[in-house]
Structures are given as C-alpha cells and as structure tokens.
Amino acid sequence: MPTLEGTYLENRWRVQPQHANNYQTVHGGNLMKWMDELGAMSAMRFAGEPCVTASIDEMNFHRPVPVGDVAVIESFVHDAGRTSVKVQLHAARENPRSGDRETTTRSRFVFVAVDEHGRPVEVPDLSAESDRDAELQARAADWDPDDSL
C-alpha cells in the first residue's frame, strides 16, 4: 500500500531567459507547468497508473523567481478518493550559491488515475506508517496557501 513518504518528490528548475516574462522573472505559466508535472509524478507513483490533472486549487504568486535563481518544487499525495489523488505542492525560489529559499506559492492539485483508454480507475488506500508520513500528514492538515509568506 502506498505511503505519503513514498509519494514525496522534490525537483529543481534553473530559471533561464526563455522561462522569463518581460520583468526577467519566471513566467507564472512555467511555474504552474512544473508544479503540474511534478504533482502528476507523485500521483502516478501513488496510483500505479497514468494520472491526468482534474483541478487546481487556489494558486497565488507571492514572490518572483528571477532569471538565474532556481525554482524548487515539493510534491506529495495527501489524500485519495475512489479514482482521484490529491497532491500538495510547495514552490520556492532558491539562490543557487547560498541555498537560501523563500516560498513563492503553494497549491493543491487533484489528479484522476486513468487506464490506457482514458477511463478513470480506482486508486489504492493511502497509509501513514512512518514518522515522515505523520510529518507530511500534519503539514497537509495545517495547509494554508498563504501561510509563511
């Protein structure tokens, strides 16, 4: 049975000029795409099936990520329905030299597991077994998209 910890992923994208808007910061659409891609990977790891995006909760961009900085995105499954997988995402900008981070946005995405014909399929139950699972579960329970900004 999949665990929260087993779905935790973290990835980095160095913001290049082709990712930027006219203010030389990451275009919000690129950050959203990266969050969607990583969230789908967490959902697929949990479901063991391909997953498609069904919805995105509130997404506010609180801080820019300048060209040359790194967008760091964390993703993990925090809940599941019959065919749906709920993923919590946290994005931060990171200075590549110092490693200092600042939160830029948080969101929750819902994915649906599908078969090879695109039909919804059932997903397994989510379990929390380790201390890390409990930590992630508590983080999800205390979630506020504007917290710590």
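See the structure above.
Now for a description of the structure that goes with this document.

Tallied over the entire structure, the rule returns 12 salt bridges. Between Asp79 and Lys86 there is a salt bridge; the shortest N-O distance is 3.8 Å. Accessibility expressed as a relative area gives 34% for Asp79, which makes it partly exposed. Taking relative accessible area as the criterion, Lys86 reaches 32% and is therefore assigned partly exposed. Salt-bridge contacts for Arg132 lead to Glu135; the nearest nitrogen and oxygen are separated by 2.6 Å. Linking Arg132 with Glu135, this pair stays in helix H3 (residues 131–141), spanning 3 residues, or about one helical turn. By relative accessible area, which is 24% here, Arg132 ends up partly exposed. Look at the salt bridges and you will find they share partners, linking Glu10, Arg12, Glu94 and Arg101 into a network.

The residue His19 is located in the loop between strand E1 (9–14) and helix H2 (28–47) in this model. In this structure His19 comes out as buried when scored by relative accessible area, which is 17%. The contact partners of His19, leaving out residues within four places of it in the chain, are Arg14, Thr25, Val26, His27, Asn30 and Trp34.

Our next topic: the sheet that holds strand E4 (residues 84–94). Taken together, 5 strands build an open sheet; the order of strands is E1-E3-E4-E5-E2 and the sheet is antiparallel. With partners counted over all chains shown, the strands left at the sheet margins are E1 and strand E2 (51–56), one partner each. This sheet shows a mean twist of 30° between the axes of neighbouring strands, independent of strand direction. Taken together, the 11 bridges between E4 and strand E5 (residues 101–113) define a ladder with antiparallel strand orientation. Bridged to Glu94 within E5 is Arg101. On top of the sheet, H2 reaches E1, E2, strand E3 (70–80), E4 and E5; it is set at about 40° to E3, its chief contact. Relative to the sheet, H3 contacts E3, E4 and E5, its axis offset from that of E3 by approximately 95°.

Let us look at the side chain of Thr105. Along the chain, Thr105 turns up in strand E5. At 2.5 Å, the side chain of Thr105 forms a polar contact with the backbone oxygen of Asn60. Once you skip the residues sitting within four places of it in the chain, Thr105 turns out to touch Leu31, Met35, Met59, Asn60, Phe61, His90 and Ala91.

Reading the values: rules and limits
- Residues numbered from 1 in each chain as written.
- Predicted model: local features only at pLDDT ≥ 70, side-chain atom pairs only at ≥ 80, totals over all residues.
- Heavy atoms only, no water.
- Salt bridge = Lys/Arg side-chain N within 4 Å of Asp/Glu carboxyl O.
- Buried < 20%, exposed > 50% of the residue type's maximum accessible area, 1.4 Å probe, protein only.
- Helix = DSSP H or I, 4+ residues; strand = E, 2+ residues; numbered from the N terminus.
- Contact = heavy atoms within 4.5 Å.
- Pairing = 2+ DSSP bridges.
- Axes fitted to C-alpha atoms, helices over the stretch in contact; angles between N-to-C directions.
- Polar contact = N/O pair within 3.5 Å; in protein donor to acceptor, adjacent residues only side chain to side chain.

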